[in-house]
Amino acid sequence: MNLTVIAGIVDGISLQSWLYSEPTKERLTQADNIHALIEYVHRYNFADFDRLFADLNSKQIAEYGLKGRIFWEKGQIEWRRLYEGEFSLLILIEDGIWDEFPEAFKPAQDFDEDIDSFKDRNLMLWGTYNDKEKAYYELRVAGSKPIEYPDAIIKLQKKYPVLKIREYFNKQKEPVLWRFLFPEAKDTEELKLKGKTVED
């Protein structure tokens, strides 16, 4: 497994233009099982690829500092607001390269950690599946409304929504990076299974 790590700083306008550029869109449409997790002021919102580009407008990233990740099984793009108009940008790609960057992108120092192994884990999300309503509800909150999750979670009709994540370790077995892989759902007995560490 070969992991490419690209990190740096970019202004909001360049980031917005790059995310919506045809080369970026074209490249992302080729990825399997692609999703986005967008952080609004008081909530997180899942979006599939089409919904992501239909729902967001330029002001939400460039002017309002909207944070988020676009992720798929072989990679992730993550951006976070640092200061007004300035964002960090992190691109993680497995077994491939990424050579299209925002116009004003300033790369950070090269990532020099040797990735020796990785381990996949389940990150629990809010809510429990309700068979009658065919939706996830937060049972500890009276009058909870259905939680909007992508079809990849809903269609499984299992008890707990989760995000599959991957942790990367160096030769000393210390965690150095992690990223989202894909959303899914698990029943109680499935969550008791221990993940395997895969060595290269």
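Since the structure is predicted, the reported quantities are computational estimates derived from the model, not experimental observations.

### Describing the packing of aromatic side chains
Given two aromatic rings, one states the distance between the centres and the angle between the planes to describe the pair.
Right, on to step 1. Considering all chains together, one arrives at nine aromatic pairs under this definition.
Right, on to step 2. A ring pair is formed by Phe71 and Phe180, whose centres lie 5.2 Å apart and whose planes are at 75°; its orientation type is edge-to-face. Within this pair, whereas Phe71 is found in strand β4 (residues 67–72), its partner Phe180 is found in strand β12 (residues 175–186), the two being separated by 109 residues in sequence. Neither Phe71 nor Phe180 differs from the other in exposure class; each is buried.
Right, on to step 3. Taken together, the aromatic side chains of Phe46, Tyr129, Tyr136 and Tyr149 make up a single cluster linked through ring pairs.
Right, on to step 4. The ring of Trp98 has Arg27 lying over it, and the distance from NZ or CZ to the ring centre is 4.1 Å.
Right, on to step 5. Arg69 extends its terminal NZ or CZ atom over the ring of Phe180, reaching a point 4.3 Å from the ring centre.

### Overview of the pattern of salt bridges
Right, on to step 1. Under the definition given, this model contains 15 salt bridges.
Right, on to step 2. Note that Lys171 and Asp114 form a salt bridge whose closest N and O atoms lie 4.0 Å from each other. In this pair, Lys171 sits in the loop between β11 (160–169) and β12 while Asp114 sits in the loop between β7 (106–107) and β8 (117–124), placing the two residues 57 residues apart along the sequence.
Right, on to step 3. One salt bridge in this structure joins Glu167 and Arg121, with 2.2 Å as the shortest N-O distance. Of this pair, Glu167 sits in strand β11 while Arg121 sits in strand β8, and the two are 46 residues apart along the sequence.
Right, on to step 4. Taking relative accessible area as the criterion, Glu167 reaches 17% and is therefore assigned buried.
Right, on to step 5. You can call Arg121 partly exposed: its relative accessible area is 35%.
Right, on to step 6. Here the residues in one salt-bridge network are Glu39, Lys67, Arg69, Glu78 and Arg80, joined through shared partners.

Basis of the calculations
Residues numbered from 1 in each chain as written. Predicted model: local features only at pLDDT ≥ 70, side-chain atom pairs only at ≥ 80, totals over all residues. Heavy atoms only, no water. Phe/Tyr/Trp six-rings, centres within 6.5 Å; stacked < 30°, edge-to-face > 60°. Helix = DSSP H or I, 4+ residues; strand = E, 2+ residues; numbered from the N terminus. Buried < 20%, exposed > 50% of the residue type's maximum accessible area, 1.4 Å probe, protein only. Lys NZ or Arg CZ within 6 Å of the ring centre and 35° of its normal. Salt bridge = Lys/Arg side-chain N within 4 Å of Asp/Glu carboxyl O.

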